[in-house]
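Structure at a glance
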Amino acid sequence: MATPTLRDRLIEAATRLTTTHGWAKVTMARLADEVGVSRQTVYNEIGTKGDLAAAMVMAELDRFLAGVSRAFDENPGDLIAAIRDSARRVLKYAEDNALLHAVVSATHGADTELLPLLTTHSEYLLEGAKLVVADRVASYDVGLPPDRLEASIDMVVRLVLSHVMQPSAAPARTADDIAWIAERVLR
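Below is a short write-up of the structure. (Residues numbered from 1 in each chain as written. Predicted model: local features only at pLDDT ≥ 70, side-chain atom pairs only at ≥ 80, totals over all residues. Heavy atoms only, no water.)

Moving on, we get to the environment of Val-90. Looking at the secondary structure, you find Val-90 in helix H5 (residues 79–95). The buried category is assigned to Val-90, whose relative accessible area is 9%. Placed 27 residues apart in sequence, Val-90 and Arg-63 show a C-alpha to C-alpha distance of 9.3 Å. Excluding residues that lie within four positions of it along the chain, Val-90 makes contacts with Phe-64, Val-68, Val-160 and Val-164. (Helix = DSSP H or I, 4+ residues; strand = E, 2+ residues; numbered from the N terminus. Buried < 20%, exposed > 50% of the residue type's maximum accessible area, 1.4 Å probe, protein only. Contact = heavy atoms within 4.5 Å.)

This is the structure:
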């Protein structure tokens, strides 16, 4: 495993501070103290607090999407199994994700300064997820015209993200339901 870069260490520390003390308590000075660098180094490496929020969101998205990629790698001949496994992994990871819980609690008034993590960067989340899924689905024989395949991917990704934000059942059960829907659309 590679040694984390300064940027990685700053993002990890910011995530830890956010989940333990709240986004409002995260400052560049506090982050600098946490990592053992100067405040100017934090600004040079990250930029503004808004840039820090974007970096945190993108790092978390990368972790979620790594699970999606693994699911497709492990189900090379069965698209529906890959979708089921992807959804289950994402939902299970979300269930235990402290940063996601901090962001979701912001939607219920706990830390309104954290809302930009969800709202301002939601397009990056959605588009990033759709790009990864579309790239992985391309290796399967789906038989849909490109516009219908794109619409199907969009709907599946939105459905999974909806359950990330407001789970209604256990991850495995929800993943089974999403796969059932996907199978009716994609086959």
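On we go from here.
Structurally, Ile-80 is set in helix H5. Counting along the chain gives 103 residues from Ile-80 to Glu-183, while the straight-line C-alpha distance between them is 6.1 Å. Non-local contacts of Ile-80, meaning those with residues more than four positions away in its chain, are made with Ala-179, Ala-182, Glu-183, Leu-186 and Arg-187.

Below, the discussion takes up empty space enclosed by the protein. By the definition in use, this model includes 1 cavity of 30 Å³ or more. In this structure, the largest cavity occupies an estimated 50 Å³ of space. If you trace the largest cavity, you find it lined by Ile-83, Val-133, Val-137, Ser-152, Ile-153, Val-156 and Leu-186. Listed by contribution, the elements that provide at least two residues to the lining of the largest cavity are helix H8 (122–137) and helix H9 (146–165). It is H9 that contributes the most residues to the lining of the largest cavity, 3 residues altogether. Here the lining of the largest cavity is built from residues that sort into 6 nonpolar, 1 polar and no charged. (1 Å grid on protein atoms, 1.4 Å probe; cavity = no way out; pocket = protein on both sides within 12 Å on 5 of 7 lines; lining within 4 Å. Points joined across faces, edges and corners; volume = space filled by probe spheres on them. Nonpolar A, V, L, I, M, F, W, Y, C, P; charged D, E, K, R; others polar.)

In a regular helix each residue adds 1.5 Å, so 16 residues correspond to 22 Å; helix H10 (residues 171–186) covers 22 Å between its end C-alpha atoms and thus fits that length. Inspection of H10 places Pro-171, Thr-174, Ala-175, Ile-178, Ala-179, Ala-182 and Leu-186 among the buried residues, and these make up the whole buried set. Across the axial projection of H10, the buried residues extend over an arc of 135°, all falling on one side. For H10, exposure combined with an orientation more than 90 degrees from the buried face picks out Arg-173 and Trp-180. Looking at the buried residues of H10, the elements they touch are H5 and H9. (Expected span 1.5 Å × (residues − 1). Arc of directions from axis to C-beta.)

This part takes up the nonpolar core. Within the largest apolar cluster, 31 residues are counted, with the highest numbers of intra-cluster contacts made by Phe-72, Leu-79, Ile-83, Val-137, Val-142, Val-164 and Leu-186. Listed by contribution, the elements that provide at least two residues to this core are helix H4 (49–74), H5, H8, H9 and H10. Take this core: its biggest share by element is 8 residues, from H5. Once you skip the residues sitting within four places of it in the chain, Val-164 turns out to touch Val-90, Leu-91, Ala-94 and Leu-100. (Core = buried A, V, L, I, M, F, W, Y, C linked by side-chain atoms within 4.5 Å.)

Of the volumes computed, that of the second largest pocket is approximately 250 Å³. Lining the second largest pocket, in full, are Met-1, Ala-2, Thr-3, Pro-4, Thr-5, Asp-8, Ile-11, Glu-12, Ala-59 and Arg-63. Broken down by secondary-structure element, the contributors of at least two residues to the lining of the second largest pocket are helix H1 (6–21) and H4. Ranked by residue count, the leading element in the lining of the second largest pocket is H1, at 3 residues. Partitioned by chemical class, the residues of the lining of the second largest pocket number 5 nonpolar, 2 polar and 3 charged.

Before going further, it helps to spend a moment on the environment of Leu-126. With respect to the helices, strands and loops of the structure, Leu-126 is situated in helix H8. Note: C-alpha distance between Leu-126 and Arg-158 (32 residues apart in sequence) is 7.5 Å. Excluding residues that lie within four positions of it along the chain, Leu-126 makes contacts with Val-157, Arg-158 and Leu-161.

Here we take up the packing of aromatic side chains. Across all of its chains, the model carries 2 aromatic pairs by this definition. Between Phe-64 and Tyr-93, the ring centres sit 4.7 Å apart and the planes meet at 85°, which makes this aromatic pair edge-to-face. Separated by 29 residues along the polypeptide, Phe-64 in helix H4 and Tyr-93 in helix H5 bring together distant segments of the chain. On the basis of relative accessibility, which here comes to 13%, the residue Phe-64 falls in the buried class. Since its relative accessible area comes to 31%, Tyr-93 is described here as partly exposed. Ring geometry for Phe-72 versus Tyr-140: centroids 5.9 Å apart, planes at 70°, classification edge-to-face. Note that Phe-72 is positioned in helix H4 and Tyr-140 in the loop between H8 and H9, a separation of 68 residues in sequence. Of the two residues, Phe-72 and Tyr-140, neither departs from the other in class, the shared state being buried. (Phe/Tyr/Trp six-rings, centres within 6.5 Å; stacked < 30°, edge-to-face > 60°.)

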